[in-house]
Amino acid sequence: MLGRKLVIDYSLYLVTGRELLPPGKDYYESLEESLKDGHVTVVQLREKNIDSGEFLEIAEKSLKICDKYRVPMLINDNLSVALALPERVGLHIGQTDIPVQQARKILGPNRHLGLSVHNVEQAEAAVDLDIVDYVGVGPVYGTKSKAGIEEKDVLGPRGASRILQALEKVPKRLPCVLIGGLNEKTAAGTLFGAVCDSNWPDGIAVISAIVAHPTPSVPAANLAKIVKSFKKAF
Ligand code: 3NM
């Protein structure tokens, strides 16, 4: 693994989704409310339907809010937007986005890079490449927040734990967050259900559980509490 600077606590990983905001809720207000109490530990900006210019504008404003609360920020799947921002802003890519080796080459060694994995083969490939800083493992449950997820794709906690098993086969283990259908009802059972041998999730990533809530600080606090009690158990 290369020596990268940013250290991220993955405990409660908020992925943005402006289309899921409650009617009339302002995106920046929602982001600020989500971060203000210090429960969200990292934010990924996910924008699928806008051009890079608009994405960069949103990212620059969002970065000011993230900086105010000292929360690291990552950009989903837009290399040019990530590169236009300071090096402390990372990139998260999926399996069908730019190939991960190419992304690392362009980003250089110091920018944080995350990758989504959906099965054991993809997890093993990520481990073998040794160029990403963490992986997102999902979908643990069905979700309407990401297009194209079908019932056959759903891992369940046991499926996620098989992926975690693949991730622990490195001298320096690859951090991972679980994603997909996680909320205040499902998070605790999912975290404990996904533990395998000596490896366990570093946190949970959510969109709708926080973004779609009229008072996002409430689910943020509750989800952080769940992750904290899970981590205390080990
Ligand atoms: N990636 P929610 S699932 C963005 O499996 C994303 O890689 C997934 O949204 C994956 O918390 C997902 O509302 C959507 O279910 C997560």
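Preceding this section is the structure that the text describes.
Criteria and thresholds
- Residues numbered from 1 in each chain as written.
- Predicted model: local features only at pLDDT ≥ 70, side-chain atom pairs only at ≥ 80, totals over all residues.
- Heavy atoms only, no water.
- Axes fitted to C-alpha atoms, helices over the stretch in contact; angles between N-to-C directions.
- Helix = DSSP H or I, 4+ residues; strand = E, 2+ residues; numbered from the N terminus.
- Parallel < 35°, antiparallel > 145°, perpendicular 65-115°, else oblique.
- Left-handed = near helix turned anticlockwise from the far one by under 90°.
- Contact = heavy atoms within 4.5 Å.
- Nonpolar A, V, L, I, M, F, W, Y, C, P; charged D, E, K, R; others polar.
- Buried < 20%, exposed > 50% of the residue type's maximum accessible area, 1.4 Å probe, protein only.
- Arc of directions from axis to C-beta.
- Polar contact = N/O pair within 3.5 Å; in protein donor to acceptor, adjacent residues only side chain to side chain.
- Core = buried A, V, L, I, M, F, W, Y, C linked by side-chain atoms within 4.5 Å.
- Pairing = 2+ DSSP bridges.
- Right-handed = clockwise from strand over helix to strand, strands pointing away.
- 1 Å grid on protein atoms, 1.4 Å probe; cavity = no way out; pocket = protein on both sides within 12 Å on 5 of 7 lines; lining within 4 Å.
- Points joined across faces, edges and corners; volume = space filled by probe spheres on them.
- Patch = residues over 30% accessible without salt bridge, like charges linked within 9 Å, V, L, I, M, F, W, Y side chains within 5 Å.
- Areas by Shrake-Rupley, 256 points an atom, 1.4 Å probe, with all protein chains shown as cover.
- Salt bridge = Lys/Arg side-chain N within 4 Å of Asp/Glu carboxyl O.
- Near = heavy atom within 4 Å.
- Sits in = over half its atoms within 2 Å of the grid points.

Notes on the packing of helix α5 (residues 120-129) against helix α6 (residues 156-167)
Next, step 1: Packing of α5 against α6 brings their axes to within 9 Å, and their N-to-C directions diverge by 20 degrees. Classed by the angle they form, the pair α5 and α6 counts as roughly parallel. The way α5 lies across α6 gives a crossing that is right-handed. Counted together, V120, A123, E124 and V127 of α5 and R162, I163, A166 and L167 of α6 form the full contact between these two elements.
Next, step 2: Split by residue class, the contact of α5 with α6 holds six nonpolar, no polar and two charged.

A closer look at α5
Next, step 1: For α5, the set of buried residues is A123, A126 and V127. The arc enclosing the buried residues of α5, seen along the axis, measures out at 100 degrees, which places them on a common side. Along α5, exposed side chains directed more than 90 degrees from the buried face belong to E121 and D128.
Next, step 2: Looking at the buried side of α5, the elements it contacts are β5 (113-117), β6 (134-137) and α6.
Next, step 3: Capping of α5 at its N-terminal end is provided by N119; its side-chain oxygen lies 3.2 Å from the backbone amide nitrogen of E121.

Let's talk about the nonpolar core
Next, step 1: In this structure, I75, V135 and V137 are the most contacted members of the largest nonpolar core, which totals 75 residues.
Next, step 2: Setting aside its immediate chain neighbours within four residues, V135 contacts L115, V117, A126, L167, L174, P175, C176 and V177.

Overview of the pairing of strand β3 (residues 73-76)
Next, step 1: Of the two faces of β3, the one holding M73 and I75 and the one holding L74 and N76 are both buried throughout.
Next, step 2: Pairing analysis gives three bridges linking strand β2 (residues 42-45) to β3, with the strands arranged parallel. Opposite L45, over in β3, you have I75 as the bridge partner.
Next, step 3: Taking the sense of rotation as the criterion, the β-α-β connection linking β2, helix α2 (residues 52-68) and β3 turns out right-handed.
Next, step 4: As judged from the three bridges shared by β3 and strand β4 (residues 90-93), these two strands associate in the parallel manner. From the neighbouring strand, N76 faces β4, where its bridge partner is H92.

Re the layout of surface pockets
Rolled over the atoms, a probe as big as a water molecule pinpoints where empty space is left.
Next, step 1: Taken as a whole, the largest pocket encloses approximately 630 Å³ of empty space.
Next, step 2: Around the largest pocket sit 35 residues that line it, and R46, S116, H118, K146 and I149 are the ones nearest its centre.
Next, step 3: When contributions to the lining of the largest pocket are tallied by element, the ones reaching two or more residues are β1 (12-15), β4, β6, β7 (176-179), β8 (203-206) and α8 (208-211).

Comments concerning a nonpolar patch on the surface
Next, step 1: A contiguous nonpolar surface patch, about 310 Å² in accessible area, is contributed by F192, W200 and F234.
Next, step 2: Here F234 lies in the segment after α9 (217-232).
Next, step 3: On the basis of relative accessible area, F234 is assigned to the partly exposed category, the value being 47%.

Re the site of the ligand
Next, step 1: The local shell around the ligand holds 14 residues, among which T143, S145, G181, I207 and S208 are the closest.
Next, step 2: Within the backbone of G181, an N or O atom sits 2.8 Å from an oxygen atom of the ligand.
Next, step 3: Bound to the protein, the ligand loses 96% of the 420 Å² it would expose on its own.
Next, step 4: Cavity membership is defined here by more than half of the atoms lying within 2 Å of grid points; on that basis the ligand lies in the largest pocket.

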